[in-house]
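# Tertiary structure, described
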Number of protein chains: 2
Amino acid sequence: MYLLIYGSAALALVTALIFAKKVLSHPIVGTPEEVRKFKEISGAIQEGALAFLSAEYKYVAYFCLAFSLIIYFALGHTNEGLNAGLYSSIAFLAGAFTSTIAAFLGMSIATKANVRTTIAARTGLAAAFEVAFSAGAVMGFGLCGLAIFGMLSICLLYTHLIANPLVAMEMVAGFGLGGSTVALFGRVGGGIFTKAADVGADLVGKVEAGIPEDDPRNPAVIADNVGDNVGDIAGMGADLFGSLAEATCAALVIGASAAAVVNYLPALYYPLLVSAIGVPVCLLTTFFAKVGENAASVEKTLKHQMLISTVVMTIAVYFLSQWALLDSFTLNEMIISRNGIMIALLSGLWGGLIIGYATEYYTSHSYQPVRKIADASQTGAATNIIYGISCGYQSVVIPALIVAFVVFLSWSNAGMYGIAMAAIGMISTIAVGLTIDAYGPVSDNAGGIAEMCGLEKVVRQRTDILDAAGNTTAAIGKGFAIGSAVLTGLALFAAFLTRSNITTLNLLSPTVFAGLLAGTVLPMLFTALTMRAVGSAAFAMIEEVRHQFRTIKGIMTGEGRPDYRRCVAISTRAALKEMIAPGILVLASPLVFGVCFGSEALAGMLAGSLAVGLVTAIASSNAGGAWDNAKKYIETGVYGGKGSETHKAAVIGDTVGDPLKDTSGPSLNILMKLMAILSLVFAPFIQSAHAWLLAALGF
Amino acid sequence: MYLLIYGSAALALVTALIFAKKVLSHPIVGTPEEVRKFKEISGAIQEGALAFLSAEYKYVAYFCLAFSLIIYFALGHTNEGLNAGLYSSIAFLAGAFTSTIAAFLGMSIATKANVRTTIAARTGLAAAFEVAFSAGAVMGFGLCGLAIFGMLSICLLYTHLIANPLVAMEMVAGFGLGGSTVALFGRVGGGIFTKAADVGADLVGKVEAGIPEDDPRNPAVIADNVGDNVGDIAGMGADLFGSLAEATCAALVIGASAAAVVNYLPALYYPLLVSAIGVPVCLLTTFFAKVGENAASVEKTLKHQMLISTVVMTIAVYFLSQWALLDSFTLNEMIISRNGIMIALLSGLWGGLIIGYATEYYTSHSYQPVRKIADASQTGAATNIIYGISCGYQSVVIPALIVAFVVFLSWSNAGMYGIAMAAIGMISTIAVGLTIDAYGPVSDNAGGIAEMCGLEKVVRQRTDILDAAGNTTAAIGKGFAIGSAVLTGLALFAAFLTRSNITTLNLLSPTVFAGLLAGTVLPMLFTALTMRAVGSAAFAMIEEVRHQFRTIKGIMTGEGRPDYRRCVAISTRAALKEMIAPGILVLASPLVFGVCFGSEALAGMLAGSLAVGLVTAIASSNAGGAWDNAKKYIETGVYGGKGSETHKAAVIGDTVGDPLKDTSGPSLNILMKLMAILSLVFAPFIQSAHAWLLAALGF
């Protein structure tokens, strides 16, 4: 069985390698002048991305080392004498390290693939698609393989060293915490970087200087393209790595609390087996990723990827479950059957697909909601915003009800274990999901490079087709990421309660209900902080761009060369500075609240922030996506098209949506998961520190 | 004791009468031409308000009659043979009728006071303040008196007719449902009316035709002024009437479930006694309502009203509790002491004050948050919106934490009874609260009349001072109304659980948690519907105004007279049509959900929508208030003042905020309370219908 899991991890890594070779096999060709430009610009993006990541990872490294010390000392030894602090902090560091490597690899290939996509787009749409898709697949399969490899290794090591498998799995949970902590930096820091650069570049470039998007005269243009890579690739990757690792950890902890499961290894490792089986399923799916030369086929192909992987996964899960699962076992006095677990898993898997499609409905301009926003833009920016907010709020209905339904179905069929399995089910086709997610920013970058190198128009047209399809899949991917974050958060919540020996959480108690109400505050404050962070960072960027326009001679005629590097540096500094406040909020809240008011109040708080986080994250992401596409819809020529007053109104909506959809919304995923896994890992510390506090206060 | 309560009701009504006489004693004076204009314009507003109200009340009447039949048949007879349906539906009709009368009286006097305020403003600021304040007091005391009178009467009647006092009080709860149903029409319908007229008048008048606000040439100008009366006076009044009635009903039902309380009448009627004692307290407070001739004194005086009434009420509650409350009694196995109840009551009372002040901080342009929005408007509408949303989200923190703290304090000191008492405490100074709330729209109207009659500039300046202070108190009042709505909702939730015999609501169960997640959807969908309703209704208004500008000759030169009445009629029709969808959502959700999934799932749903409703309502109201005042701040001359690009950006924010702060946000109060009291009144029906459904489906 171990062989099967390791084998699948190896398969994933080999697949990633093959796709990487495919990308790199495309030479950088053109006239000598073109080649020089290609290398210059893609080199600048690569360099900028590297500069941001090395600055970010320096902080990540310091922070993780410090945090591992906190874990080490806070958890200390268990009553049985086990050095829980040491085990947890090692798992934590392993998780953080693996996540970092995975995101780094994905981004490296993306910054090499962008220029190659541009060049391939000269040949045709299909060729360009292949490069961008392959780059995405490197990320998808590479991350998957590393995650599976890392988790199994730490599981094997700890079950070997620690006699009690439940305790071993509790220590393994540190791995998820590590992944999530890196995701905090990736999503929040990366999100602030990318939108500060984007908004800053737009406000000065488009509005003040009147030069088009992706114009090489704009000093912020490289930072903007770097942002696509650090936010949408590295950030998204770290986020989903976190979901995968955390959902698996939650399932392992809950599963290991049942004696029967512990005694039958395939059942214990079932969560990992599901992820493992996902690798060949996704590999099979990628064989269907072929597009023609017409625009419609690109979006159709990408959307079919999701459907195919879900269908194939359903079949694979059936056979896997027949072999790996027990007929039934008892967990917390509930009898859990094979079918129950399968229902849970499949409800998550298919729920994710429906959420994806619902998200598409509310954010694609093929449907009514976005068209209404475009329509409302005719009476100005105010009505555009009103209809956009309203669309975002309404788009919550289907996904949230689906999540509620999945929770109900999985929980009532397989208890808390079921929730964890639903989370794993939703994320089991992650390799395909990440592939089509990461494909988007590569296409976006390719378009930028085509523009900056002044290539023939047809190239930009082709990359625009790829990019437009990428926008839709990005929206779907975000819906999906939120859904899996909520389920993962809930699964971790369940694991935390299991570990805290809480089996009944009476909502009708002052502590729990007050905790619930207090928890509602966190997503709101977090969103407020991240939105304003983008604002402040964008202002810093605007200052710099204005300064360069003033001081660098000949910048507008193309004779002077803008200092791209300074813009990247400023965005990096601002992003890392601005993420401190929201970061502290996420990390400190559960610990402080738990220590002060106890585990039950903390559980209430987690439930409250999950509830509000769910709706706020969906509303933010979808409103942003809808505004973006309303603008794009007008750019197709309706209501006066580009340059009209209607278009100007829509641009305002798009700018408002940027931080909502790319910073605040996705960052809420981290909030929901990180607070829950922190509670899980620190559960014993919270209990004892709270008891100590009560005693110290004389209660 | 009954005499005390009735006496206080009588005192309130007499006070209202005296204030009314004071308003009407001001004659309509001026040159004959002026008098003609005064009468014409105030007559048009009066007529318009009456037209809307009679149309609305016609629907209210039909609806309430139909709904009383539903109550009658759904509740039917209890197991003991009591005709619960009849009792509940009579109480329901009584509540609806009393609320209607109260709102109607308040609005009648307001539409008479507006022109008198204008005339008084010719003499001086203090004189104008007195008229507007007196008009507010008619509303405040009149509503209070009617509510107390109605509730005591129905209590006495039912405890006389029904042997079991607990059952009697459960029947009385219909009174709260009646009040809340009228509030649904008032808040949602009135809210849509007022903002459709406002947005419509602004978009065509200010933007397209380029005429100033309140210009008599604008056909929608009367509708706009009518809107202030039907939304901010009748709607707000019905909302707070509902809070008072519902909180009292919740306390009565919970209190009556303790035998000791039932046997000591002052303890049973303590909730009503608190409201009764509030009348003299508020009357005393109004003696301090004197302003000088300088602007600052107006806002200070109004804010002091809240502080004074809170302090005096604290003392009054202390003495009342010594007499009326038992030393201690047992409720649901918890011992509840006099001090415990007092702590609960006072936590609500003072919590409301703090929420009010926190709201002021985030919505007044004397402080940082609003100034930052104004500052961000310099880079355009997009940053104005981003900072406004962020300010709204951040403003949630203090009020929500205060509510959480009040819930914790009151619940842990006096059980569920404590929550109801906290809700009553927060609303116990309602007479003063409503006075300063209703004062605002009267001043606003007075300014409009001054403008339309072309009076000397100083008059408008004085009414603007009154209006500006009114904006601040309106924001405070909204924070307050939301806080009391959440506490009332929670108290009703507790009463519902008491009535459904649920003492433990395990959050760790699939039904409850899935219910919680499903409940999060409702406030979002409701907000989306009401926001879009304003949009559609405003578009209808825009069409009409454009049509009149086109077809009525000489309208711009002042020779032709616009058809104000048609605009009022269109806004009325649109408002009543557009409120159907959100109305059905609120009324049907708890019943359908409860019948389909049972009482526990319904309880989860209520908790979820309370959690999300709380934060969404506060964020919506405060963001709207902050945008409004950011615009006003710029109009004082900073960042280029009126007419600058910065100001234009701020106007967009203000327009976005309008439906948020005056329609969607306040309407969420109704959502939170109405769903909870529906569950309470229909609790037995829900249980039996759910059991029947399960049986029919073969479970």
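If you're wondering where the values come from, they're calculated on a predicted model, not measured in any experiment.

Reading the values: the criteria
Residues numbered from 1 in each chain as written. Chains lettered and ligands numbered in written order. Predicted model: local features only at pLDDT ≥ 70, side-chain atom pairs only at ≥ 80, totals over all residues. Heavy atoms only, no water. Helix = DSSP H or I, 4+ residues; strand = E, 2+ residues; numbered from the N terminus. Buried < 20%, exposed > 50% of the residue type's maximum accessible area, 1.4 Å probe, protein only. Salt bridge = Lys/Arg side-chain N within 4 Å of Asp/Glu carboxyl O. Core = buried A, V, L, I, M, F, W, Y, C linked by side-chain atoms within 4.5 Å. Contact = heavy atoms within 4.5 Å. Buried area = accessible area lost by both parts, 1.4 Å probe. Polar contact = N/O pair within 3.5 Å; in protein donor to acceptor, adjacent residues only side chain to side chain. Nonpolar A, V, L, I, M, F, W, Y, C, P; charged D, E, K, R; others polar. Axes fitted to C-alpha atoms, helices over the stretch in contact; angles between N-to-C directions. Parallel < 35°, antiparallel > 145°, perpendicular 65-115°, else oblique. Left-handed = near helix turned anticlockwise from the far one by under 90°.

At Y639(A), a residue that is not glycine, the phi angle is positive and equals roughly 50 degrees. Residue position: Y639(A) is located in the loop between α20 (580–635) and α21 (645–681). Residue classification places Y639(A) among the partly exposed residues on the basis of a relative accessible area of 30%. Phi at N501(B) is positive, roughly 60 degrees, even though this residue is not glycine. Tracing the backbone shows N501(B) in the loop between α16 (457–499) and α17 (510–551). Judged by relative accessible area, which is 66%, N501(B) ranks as exposed.

Glancing now at the pattern of salt bridges. Tallied over the full model, the rule gives 54 salt bridges over all chains. Between R460(A) and E451(A) there is a salt bridge whose closest N-O contact spans 3.1 Å. Of the residues examined, R460(A) reaches a relative accessible area of 22% and is grouped as partly exposed. The exposure class assigned to E451(A) is partly exposed, which follows from its relative accessible area of 31%. We note a salt bridge from K22(B) to E130(B), for which the minimum N-O separation is 3.9 Å. With K22(B) in helix α1 (residues 2–24) and E130(B) in helix α4 (residues 125–161), this residue pair connects regions lying 108 residues apart in the sequence.

Before going further, it helps to spend a moment on the nonpolar core. Among soluble globular proteins, nonpolar side chains are generally buried collectively. Counting 560 residues, the largest nonpolar core has Y270(A), F513(A), F682(A), Y270(B) and F513(B) as its most contacted members. When near neighbours in sequence (up to four residues on either side) are disregarded, Y270(B) contacts V317(B), L320(B), S321(B), A324(B), L325(B), I341(B), L345(B), Y417(B) and M421(B).

Okay, the interface of chain A and chain B next. Facing 64 residues of chain A, the contacting portion of chain B comprises 64 residues. Together, the buried faces of chain A and chain B total about 6,000 Å²; carbon and sulfur atoms form 83% of this surface. The tally of links from chain A across to chain B stands at ten residue pairs in polar contact (both at pLDDT 80 or more). At the level of elements, α13 (381–394), α14 (397–427), α16 (457–499), α17 (510–519), α18 (521–551), α20 and α21 of chain A are the ones that each hand at least two residues to the side of chain A that touches chain B. Across the side of chain A that touches chain B, the residue classes tally to 47 nonpolar, 16 polar and one charged.

Right, let's talk about the packing of α4(B) against α16(B) for a bit. Residue and element names in this part refer to chain B. Relative orientation of the contacting elements α4 and α16 amounts to 50 degrees, with a least axis distance of 10 Å. With respect to each other, α4 and α16 are oriented oblique. Two packed elements cross with a definite hand, and for α4 against α16 that hand is right-handed. Seen from α4, the contacting residues are L125, A128 and F129; seen from α16, they are R462, I465 and L466.

Residue and element names in this part refer to chain A. Across the interface, helix α1 (residues 2–24) lies against helix α3 (residues 84–123) with an axial gap of 9 Å and an inter-helix angle of 35 degrees. Handedness of the α1/α3 crossing: left-handed. Across the interface between the two elements, A20, V23 and L24 from α1 touch I109, K112, A113 and R116 from α3. Partitioned by chemical class, the residues of the contact of α1 with α3 number five nonpolar, no polar and two charged.

Interpretation note: all reported values are geometric properties and have no functional meaning in isolation.
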